[in-house]
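# Secondary and tertiary structure notes
In case you want the letters, here they are:
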Amino acid sequence: MPANTVYLVERYIPALDDSRLAEVGARRAAATRQLRAEGHCVEWLRSLALVDDEACLCIFRAADQAAVAEVNARAEITYERIVEALDSEPATAISARGA
C-alpha cells in the first residue's frame, strides 16, 4: 500500500527549545528509517514547534495511522493525538486556482 495519506501528530514537549527539538527529531528520524527498512510505508515530512505553547506538530505521509503510531512508540515520544490531514502547499494552491 503506498504512503499517500497525510497525518498530523500533536504533542506537547516540556522545556521545548532547539536542542530538545533536535533530540526528539533524531529519535523520530531513526524510528522512521527503521520502519521503512522493515517495509512499512511511512515518511516523516516535517515538524513545526510552537515554543511558547511547548507544542510540536509533526506531519507524516503513511499508508495508515498505525505506522505513524509505531514511529512514535519506537522513538519513545508521547503524543496527544494522530489525525488524518489535508496538505496544501503554495504551488498546489496556485495550480488549483488556475493562476
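Structure's up top.
Description of the structure in this document. (Residues numbered from 1 in each chain as written. Predicted model: local features only at pLDDT ≥ 70, side-chain atom pairs only at ≥ 80, totals over all residues. Heavy atoms only, no water.)

### Topic: the nonpolar core
As a reminder of what qualifies: What we call a nonpolar core is a set of buried Ala, Val, Leu, Ile, Met, Phe, Trp, Tyr and Cys residues that are connected through their side-chain atoms within 4.5 Å. Burial classes: relative accessible area under 20% of the type maximum marks a residue as buried, over 50% as exposed, and values in between as partly exposed (1.4 Å probe, protein chains only). Helix and strand definitions here come from DSSP, where helices need a minimum of 4 consecutive H or I residues and strands a minimum of 2 consecutive E residues; each element is numbered from the N-terminal end. Any pair of residues with heavy atoms lying within 4.5 Å of one another is described as a contacting pair.
Formed by 18 residues in total, the largest nonpolar core has its most connected members in Val9, Val42, Phe60, Ala62, Val68 and Val71. Of all the secondary structure elements, the ones that give two or more residues to this core are β1 (5-12), α1 (18-37), β3 (55-62) and α2 (65-74). Top element by residues in this core is β3. It accounts for four residues. Setting aside anything within four residues of it in sequence, one finds Val71 in contact with Arg28, Ala31, Thr32, Leu35, Val42 and Phe60.

### Quick notes on the side chain of Asn72
Note on placement: Asn72 falls in helix α2. The exposure class of Asn72 is buried, given its relative accessible area of 1%.

### What to know about α2
This is how it is decided: Taken from the helix axis, the directions to the C-beta atoms give the arc we talk about. Any N or O atom pair separated by 3.5 Å or less is treated as a polar contact, with the protein-specific requirement of one donor-capable and one acceptor-capable atom, and with residues adjacent in sequence counted only for side-chain atom pairs.
Buried within α2 are the following residues: Ala67, Val68, Val71 and Asn72. Projection of α2 onto a plane perpendicular to its axis shows the buried side chains occupying an angular sector of 140°, all on one side. Against β1, α1, β2 (42-50), β3 and β4 (81-85) lie the buried residues of α2. Where α2 starts, the residue carrying a side-chain oxygen 3.3 Å from the main-chain nitrogen of Ala66 turns out to be Asp64. At the C-terminal side of α2, Glu76 shows a positive phi close to 55°.

### Describing the state of the cysteines
Put simply, the rule reads: The disulfide definition used here is simple: a pair of cysteine sulfur atoms within 2.5 Å.
All chains considered together, the criterion is met by zero disulfides. Sulfur of Cys56: no disulfide; nearest cysteine sulfur belongs to Cys58 and is 3.7 Å away.

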